[in-house]
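Chains, contacts and geometry: an overview
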Amino acid sequence: MSNLARVYALTADDYLAGEVLSPIRHEYVAGEVFAMAGATEEHATIAGNLFALLRSQVRGGPCRVYIADMKLRVDAADAFFYPDVFVTCDPRDAGEPLAKRHPPLICEVLSESTEAYDRGGKFAAYRTLDSLSEYLLIDSRRRSVEVFRRQPDGWLLAPVAPDGQLELMSLGFRCAVDALYEDVVFPTPANPPAA
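Quick look at the structure, then. Note that this is a predicted model, so its numbers are computed, not measured.

Concerning the pattern of salt bridges
Scanning the entire structure with this criterion turns up 16 salt bridges. Close ionic contact of Asp139 with Arg141 constitutes a salt bridge, the shortest N to O distance being 3.0 Å. Assessed through its relative accessible area of 1%, Asp139 is described here as buried. The class of Arg141 is partly exposed, set by a relative accessible area of 28%. The salt bridge partner of Arg142 is Asp139, with a shortest N-O separation of 3.2 Å. Here the residues in one salt-bridge network are Glu112, Glu115, Arg119, Asp139, Arg141, Arg142 and Glu146, joined through shared partners.

Here it is as structure tokens:
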């Protein structure tokens, strides 16, 4: 007789119903649910700065900017994610109150615990979105900004200089990297002991 516990896969509908009632957010991937951890002050400040800058850019037009609490549905991966910030301009998303599906831009703010997944499995899922043209990664531990842009033959990495300008072609948006890191104070490394 086996001691293996039976694992039940959750349906997307069950996930959505549970998420409405849950006090914490969860991401959903192919029947499995993963609790979302809280963010550091640096992470929250960077995401807030980007949201404010993008909101100012798209105000009055067809695009909407979402931060942290709006789900992004990725059908090809049978997944729901909570990107740190994303934009949708597609009218099909306007009538979807629980999750959006057609972003031209997704941003993740990197942390120690999320960086590998944001660069790997999550980015692989995001790349299946036909609407996605740019994927922005902003590090919360040091000044580092990278933009991946969809090209006809794949994705091109465009690192941004720490004192440079971020350009998001999908939205005709530009800002100084300084604006993304406004009010962010990085922890200082401990002083080494004296010799």
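Description of the pairing of strand β6 (residues 85–88)
Alternating residues of β6 divide into Val85 and Val87 and Phe86 and Thr88, and every residue in both groups is buried. Across four bridges, strand β3 (residues 64–67) lies against β6 in antiparallel orientation. Residue Arg64 lies in a different strand from β6, and its bridge partner there is Thr88. Across three bridges, β6 lies against strand β8 (residues 105–110) in antiparallel orientation. The partner of Phe86 across the bridge, within β8, is Ile106.

With respect to the sheet that holds strand β7 (residues 99–100)
The mixed open sheet is built from five strands, whose spatial order is β2-β1-β5-β4-β7. In this open sheet, the two strands that pair with only one neighbour each are β2 (32–35) and β7. The sheet contact formed by strand β1 (residues 26–29) and β2 spans four bridges and is antiparallel. Of the residues in β2, the one forming a bridge with Tyr28 is Val33. In the packing of helix α1 (residues 12–21) onto the sheet, contacts are made with β1, β2, β4 (71–74) and β5 (79–81), and the angle to β1 comes to roughly 180°.

Observations regarding a nonpolar patch on the surface
A surface patch of nonpolar side chains, about 320 Å² in accessible area, is lined by Val20, Leu21 and Leu98. Mapped onto the fold, Val20 is located in helix α1.

A look at the state of the cysteines
Summed over all chains, the structure comprises one disulfide. The side chain of Cys63 participates in a disulfide bridge whose partner is Cys89; the two sulfur atoms lie 1.9 Å from each other. Residues Cys63 and Cys89 share a disulfide whose torsion about the S-S bond is about 100°; that sign makes it right-handed. Residue Cys63 is found in the loop between α2 (41–58) and β3, and its partner Cys89 is found in the loop between β6 and α3 (91–94); the two are separated by 26 residues along the sequence. Given the relative accessible area of 11%, Cys63 is considered buried. Cysteine Cys107 shares no disulfide, and the gap to the nearest cysteine sulfur, in Cys175, comes to 10 Å. In this structure Cys175 comes out as buried when scored by relative accessible area, which is 8%.

A few points about unusual backbone geometry
A negative phi angle characterises most non-glycine residues, just as the trans form characterises most peptide bonds. Positive phi, normally seen in glycine, also occurs at Ala68, with a value near 60°. The topology assignment puts Ala68 in the loop between β3 and β4. Here the phi dihedral of Asp183 falls at roughly 70°; this positive angle occurs in a residue that is not glycine. Since its relative accessible area comes to 62%, Asp183 is described here as exposed.

Quick notes on α1
Turning to α1, its buried residues are Ala12, Tyr15, Leu16 and Glu19. Axial view of α1: buried residues confined to an arc of 95°, hence all on one face. With respect to the buried face of α1, the exposed residues turned more than 90 degrees away are Asp13 and Leu21. On its buried side, α1 packs onto β1, β2, β4 and β5.

Calculation rules
Residues numbered from 1 in each chain as written. Predicted model: local features only at pLDDT ≥ 70, side-chain atom pairs only at ≥ 80, totals over all residues. Heavy atoms only, no water. Salt bridge = Lys/Arg side-chain N within 4 Å of Asp/Glu carboxyl O. Buried < 20%, exposed > 50% of the residue type's maximum accessible area, 1.4 Å probe, protein only. Helix = DSSP H or I, 4+ residues; strand = E, 2+ residues; numbered from the N terminus. Pairing = 2+ DSSP bridges. Contact = heavy atoms within 4.5 Å. Axes fitted to C-alpha atoms, helices over the stretch in contact; angles between N-to-C directions. Patch = residues over 30% accessible without salt bridge, like charges linked within 9 Å, V, L, I, M, F, W, Y side chains within 5 Å. Areas by Shrake-Rupley, 256 points an atom, 1.4 Å probe, with all protein chains shown as cover. Disulfide = S-S within 2.5 Å. Arc of directions from axis to C-beta.

So, to be careful, I would describe these as geometric facts and stop short of saying anything about function.
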